[in-house]
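Tertiary structure, described
Here is how the chains run, residue by residue.
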Amino acid sequence: MLHKRSMFALIPLVILVAFFAGCAAKTTPTPTPSPSTGGNAITITVTAAGMAFDTNSILVSAGAHVTITFQNNDNGIPHNMAFYTSAAATTIIYQGARTTGVSTVTYTFDAPTTPGTCFFRCDVHPTTMTGSFIVQ
Ligand SMILES: [Cu+2]
C-alpha cells in the first residue's frame, strides 16, 4: 500500500520534469536587434579643403543611421557639418561639432524618417560651404 502511494506521488513529478525539459529544448535565444546593424545604415566620407566641401549633395534613405567621417584638411581653420530641415537653417536635424584642421571627426545621427530635400552647411562658413541633404 505504501509502495503504491509512492508511485502515484512520482507521476506528477515526472510529468513536471518532462514539461520543463520540453520548454527548454524548444526555446531558442532571440537575437537582440542592434540599431547600428539595421539594413538602413550608411557611412559617408566628406572632406573640407580650400574652404569648400568636396560634395554639394548627400543622399540617404529615410530614417537611415548615418555615419559621416568628416576630414578637415584646412590647417588652422575650423569647420563642421550641420544638417537642417531647410536652407533657412532654423530647424536642426544634427549639428556636428566644429573641428579645427587638420583633423578628422566622426558624426553619427539618424536621418529624418520623412523623405525630402534638406540642407547641410558648415556653420562657420554658412554662405559658402553648403549643400543638399537629400532624404529619399
Ligand atoms: Cu567651414
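Residues numbered from 1 in each chain as written. Predicted model: local features only at pLDDT ≥ 70, side-chain atom pairs only at ≥ 80, totals over all residues. Heavy atoms only, no water.

1. Some words on the overall build of the protein chain
Which entries qualify depends on this criterion: What counts as a helix is a DSSP run of H or I of at least four residues, what counts as a strand is a run of E of at least two, and both are numbered from the N terminus. Only protein chains enter the area calculation, which uses a 1.4 Å probe; residues under 20% of their type maximum are buried, those over 50% are exposed, and those in between are partly exposed. The contact definition used throughout considers only heavy atoms, calling two residues in contact when any of these lie within 4.5 Å. Using a 1.4 Å probe, accessible areas were evaluated by the Shrake-Rupley method; residue-level cover was limited to the displayed protein chains.
Helices and strands together make up the secondary structure of the protein chain, namely 1 helix and 11 strands. Along the chain direction, N to C, the helices and strands of the protein chain fall in the order α-β-β-β-β-β-β-β-β-β-β-β. Counting all 136 residues of the protein chain, 29% fall into the buried class. Considering only contacts within the protein chain whose residues lie at least 6 apart along the sequence, 60% involve residues at least 24 apart. Accessible area of the protein chain: about 8,400 Å², with a carbon and sulfur share of 62%.

2. Brief notes about the sheet that holds strand β10 (residues 116–121)
Here is the rule we go by: A pair of strands is labelled paired if DSSP reports no fewer than 2 bridges between them. Fitted lines through C-alpha atoms give the axes, limited to the stretch in contact for helices. The angle between two N-to-C directions lies from 0 to 180 degrees.
Strand order across the open sheet formed by 5 strands is β3-β11-β10-β6-β7, with mixed pairing between neighbours. In the strand order of this sheet, the two ends are held by β3 (57–60) and β7 (92–95), each with one partner. Between one strand and the next, the sheet's axes are offset by a mean angle of 20°, whatever the strand orientation. Note: β10 against strand β11 (residues 130–135), 6 bridges, orientation antiparallel. Residue pairing across strands places F119 opposite S132, the latter belonging to β11.

3. Looking at the confidence of the model for the protein chain
To be explicit about the condition: Predictor confidence is given residue by residue as pLDDT, running from a minimum of 0 to a maximum of 100.
Confidence in the prediction for the protein chain averages 83 pLDDT; 71% of positions are at 70 or higher. Contacts for the low-pLDDT stretch residues 13–28, under 50 throughout, to residues beyond four places or in other chains number 0 contacts. For residues 32–38, every residue scores under 50 in pLDDT, and the model assigns this stretch 3 contacts once sequence neighbours within four places are set aside.

4. Some remarks on the sheet that holds strand β9 (residues 103–110)
Read across the open sheet, the 4 strands follow the order β2-β1-β4-β9; overall the sheet is mixed. The open sheet terminates on both sides in strands that have one partner only, identified here as β2 (52–53) and β9. Pairing analysis gives 8 bridges linking strand β1 (residues 41–49) to strand β4 (residues 65–72), with the strands arranged parallel. For T45, the partnering residue across the bridge sits in β4 and is T69.

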